[in-house]
Amino acid sequence: MSKYDEIEWPPHAIALKQSVVDAIPSQWRVSPELLASYPAGSDVRPLASKCGILTARELDITDTSKDATSLLEDLRSRSVSAEEAVTAFSKRAAVAHQAVTCLAGFYYEDAKQRAIELDNILKATGKPVGPLHGLPISVKSNNRVKGQISSAGFSTTEISETTSHFIQILIDAGAIVYCRTNLPQAIMALECLSFWGETLNPLNTSLTPGGSSGGCSALMAFGGSPLSCGSDIGGSLRGPAACVGLWSLKSTVGRFPKNNSYRFNAGYEGVTPVVGPQCRSLRDVNLIYKTVIDTKPWLREHAVFPMPWDADPKPVWSGKEGRIRVGYMESDGVVTPQPPILRGIRTVVEALKKNDRFEVVPFLPFDHKRGGKLTNALYYPDGARNLKEMAAKSQEPILPLTEWLITRPEIKDRTLHEQWELNFARDTYRLEYLQYWQTLNLDIVIGPVQPQTAAQLGTSKYWGYTSVLNTLEWPAAVFPTGLMVDPALDKKPDDYKPANETEEQLYSIYKPEAYTNTPICLQAFAGHYEDERLLKALQIIEQEILPLK
């Protein structure tokens, strides 16, 4: 039984959840008997072919080994029509939702009509409407799309009158929104449990696909979307991407437009959120950033820095004889990761050391304990008063992971002058970290995304590896290593002694068998406004050593 079923939800919330299922055509419904044949802990991805809903061609179009770039090539050549692509991904998304509860809206009929329009334009003119012509995309529920329901993970939803700047650019470039994805209550958790339901990881349904963009990652892992649009204020793009083996980039704040996303803390400026994609490939990440930034979004949004996107930079690397100088960290000095993550870092480091293109050195993080506490305090300078009011207005209980988040010791209702002091402490930390970074002469740093792979449901309580980079406003990307959790290689050390309560919790539940079928992903970050440098370094790492075996 899902944790969702243990909660007393108000009738309007239950009705909204049911509306997503009701929007799925009856002929795309999976039989209860077939769904029941996948118990907790199953890899449910084979359901896409076993359910009989998708044709062989639709299974091929939605094959998870293909990225958005390859689909776009097929769409431009007309070997696949936009209508075919929208129908195939809509079918697979419908099946995915029935298996792992990943959607918060389903708009197939509207999407099909737009796809037919695009097919007719391409047929008549021979030209695509833009670089994303006919590409079906899924959108996290807090990103507005005109005429569709948006929410902050509370059932006090609204019909959007406008579309978020980021999403509108993608639509203008030819993308088609056909569904929206689940997110956690208040958009602030590393798992996805809200009135929309509890999203499970398709690779192993006893695990989470992450949060808060976990609906995006679960849908993509099942093959129900070629590209998904989420947001990140503490790791919400990167953590979910890591849970299922995707690529993602949290850009430097100011590089990417974010106006008109759903906000229930209007005017909040403690830690600036960003929006962005989860992708199957690094080239897809580059494609989306170039497509968006090529439109000069700074002409329509004042907070976007007027800096063109360089998809193929030629950086001067910092290492000896032109090598890429890579720092690596196994721990942030606060929480030691579980064995699979440590093995992933060590395997990557050994492969890099054997390659002449890289100079590899240890990286000692700069006071991440302090950075983490600052970040926690900055999230809720009102002591979470607004969040509690939203919960009361929606008549929802505050869920356990939400309660844990807002009761941490750093969170309190601050006076104006106390908030000024907190902002000053944040800016001081940023300056000191920058000064420290300048002494190291590094191009990028590689380390954990989170202290585990995909976490067991209800246990995700540490995001320091990602959230500190949100406070710094530096770019950070997640990449799959190719490695998987292996019970034979990832045993719990017999002599391990936890350094704190978080480590004790992480290691007390750790059994490698519980993480069957989960990928090992890592995070790489670079300095302020070094987004393209970061992706170029990862491109070379991908070419030279990935995937690892």
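This report concerns the structure included in the present document.

About the criteria used
- Residues numbered from 1 in each chain as written.
- Predicted model: local features only at pLDDT ≥ 70, side-chain atom pairs only at ≥ 80, totals over all residues.
- Heavy atoms only, no water.
- Salt bridge = Lys/Arg side-chain N within 4 Å of Asp/Glu carboxyl O.
- Helix = DSSP H or I, 4+ residues; strand = E, 2+ residues; numbered from the N terminus.
- Buried < 20%, exposed > 50% of the residue type's maximum accessible area, 1.4 Å probe, protein only.
- Contact = heavy atoms within 4.5 Å.
- Polar contact = N/O pair within 3.5 Å; in protein donor to acceptor, adjacent residues only side chain to side chain.
- Core = buried A, V, L, I, M, F, W, Y, C linked by side-chain atoms within 4.5 Å.
- Disulfide = S-S within 2.5 Å.
- Phe/Tyr/Trp six-rings, centres within 6.5 Å; stacked < 30°, edge-to-face > 60°.
- Lys NZ or Arg CZ within 6 Å of the ring centre and 35° of its normal.
- Pairing = 2+ DSSP bridges.
- Axes fitted to C-alpha atoms, helices over the stretch in contact; angles between N-to-C directions.
- Parallel < 35°, antiparallel > 145°, perpendicular 65-115°, else oblique.
- Left-handed = near helix turned anticlockwise from the far one by under 90°.
- Nonpolar A, V, L, I, M, F, W, Y, C, P; charged D, E, K, R; others polar.

To continue, consider the pattern of salt bridges. Across all of its chains, the model carries 28 salt bridges by this definition. Glu 117 is the partner of Arg 114 in a salt bridge, and the nearest nitrogen-oxygen pair spans 3.0 Å. With Arg 114 and Glu 117 both in helix H7 (residues 108–125) and three residues apart, this pair spans about one turn of that helix. Residue class for Arg 114 comes out partly exposed when judged on its relative accessible area of 28%. Across the salt bridge formed by Arg 426 and Asp 427, the nearest N and O atoms sit 3.0 Å from each other. Overall, Asp 427 belongs to the partly exposed group, its relative accessible area being 36%. Among the charged side chains, a salt-bridge network with shared partners connects Arg 426, Asp 427, Arg 430 and Glu 473.

Locating Ser 248 in the fold gives a position in strand S9 (residues 247–250). Classification of Ser 248 as buried rests on a relative accessible area of 2%. Taking the C-alpha atoms as reference points, Ser 248 and Gly 235, 13 residues apart in sequence, are found 10 Å from one another. When neighbours within four sequence positions are excluded, Ser 248 is seen to be in contact with Leu 237, Ala 241, Pro 277, Gln 278, Val 285, Ala 476, Ala 477 and Val 478. Of the polar contacts made by the side chain of Ser 248, one reaches the backbone oxygen of Pro 277; its length is 2.9 Å.

Right, let's get into the nonpolar core. Of all hydrophobic cores here, the largest spans 115 residues; its most connected members are Ile 446 and Leu 538. No other element matches helix H6 (residues 82–100), which puts eleven residues into this core. Beyond its immediate sequence surroundings of up to four residues, Leu 538 is in contact with Trp 247, Leu 282, Ala 477, Phe 479 and Ala 524. Among the nonpolar cores identified, the runner-up in size contains 43 residues, and Ile 233, Val 335, Trp 437 and Ala 476 belong to it.

Take the state of the cysteines next. Throughout this description, disulfide means a covalent bond between two cysteine sulfur atoms. This model, assessed by the stated rule, comprises zero disulfides. No disulfide involves Cys 102; its sulfur sits 7.4 Å from the nearest other cysteine sulfur, which is in Cys 179. Free of any disulfide, Cys 192 has its nearest neighbouring cysteine sulfur in Cys 216, separated by 8.1 Å.

Turning next to the packing of aromatic side chains. What the rule picks out here adds up to 26 aromatic pairs. Where Phe 256 meets Tyr 289, the ring centres are 4.4 Å apart and the plane angle is 35°; that geometry is what we call tilted. Taken together, the positions of Phe 256 in the loop between S9 and strand S10 (274–279) and Tyr 289 in helix H11 (residues 282–293) put the pair 33 residues apart, joining distant regions of the chain. By relative accessible area, Phe 256 is classed as buried at 6%. Through successive ring pairs, a cluster of aromatic residues spans Phe 363, Phe 366, Tyr 429, Tyr 433, Tyr 436, Trp 437, Trp 474 and Phe 525. Sitting over the face of the ring of Tyr 4, Lys 17 holds its NZ or CZ atom 4.8 Å from the ring centroid. Seen from the ring of Trp 404, Arg 408 lies directly overhead, with NZ or CZ sitting 4.7 Å from the centre.

Take the side chain of Arg 92 next. Positionally, Arg 92 belongs in helix H6. When residues no more than four places from it in sequence are discounted, the contact partners of Arg 92 are Ala 48, Leu 54, Leu 59, Thr 62, Asp 63, Thr 64, Phe 222, Gly 223 and Gly 224.

With respect to topology, eleven strands assemble into an open sheet ordered S1-S5-S2-S8-S10-S9-S14-S15-S13-S11-S12, the strand pairing being mixed. Lying at the two open borders of the sheet, with one neighbouring strand each, are strand S1 (103–106) and strand S12 (358–362). For this sheet the average axis-to-axis angle between neighbouring strands, irrespective of direction, equals 30°. Direction of pairing for strand S8 (residues 228–232) relative to S10: antiparallel, over a ladder of five bridges. Paired with Ser 231 across the bridge in S10 is Val 275. Those strands touched by H7 are S1 and strand S5 (176–181), and its axis lies near 160° from that of S5.

This next bit is on the pairing of strand S2 (residues 136–140). Where burial is concerned, most of S2 is hidden: five out of the five residues are buried. In this sheet, S5 lies alongside S2 in parallel orientation, the contact comprising five bridges. Looking at S5, one finds that Ser 138 is bridged to Cys 179. Note: S2 against S8, two bridges, orientation parallel. Of the residues in S8, the one forming a bridge with Ser 138 is Ser 228.

Another point: the pairing of S5. Among the six residues that make up S5, six are buried, leaving the element largely enclosed by the rest of the structure. Pairing of S1 with S5 involves three bridges; the strand directions are antiparallel. Following the sheet pairing, Phe 106 is matched in S5 by Cys 179.

Turning next to unusual backbone geometry. Omega for the peptide link from Gly 211 to Ser 212 comes to 5°, which places this bond in the cis form. Tracing the chain through its elements places Ser 212 in the loop between strand S7 (197–198) and helix H9 (214–222). Positioned with a positive phi, Thr 101 is a non-glycine residue whose angle comes to about 55°. Within the element layout of this structure, Thr 101 appears in the loop between H6 and S1. In this model, Glu 321 sits at a positive phi of 55°, which is unusual for a non-glycine residue. When you line up the elements, Glu 321 lands in the loop between H11 and strand S11 (324–328).

Moving on, we come to the packing of H11 against helix H19 (residues 531–545). It is the contact of H11 with H19, at a shortest axis distance of 10 Å, that shows an interaxial angle of 155°. One finds that H11 runs roughly antiparallel with respect to H19. Relative to H19, the crossing made by H11 is left-handed. Contact residues: H11 offers Leu 282, Val 285 and Asn 286, while H19 offers Leu 535, Leu 538, Gln 539 and Glu 542. Of the residues in the contact of H11 with H19, the class split is four nonpolar, two polar and one charged.

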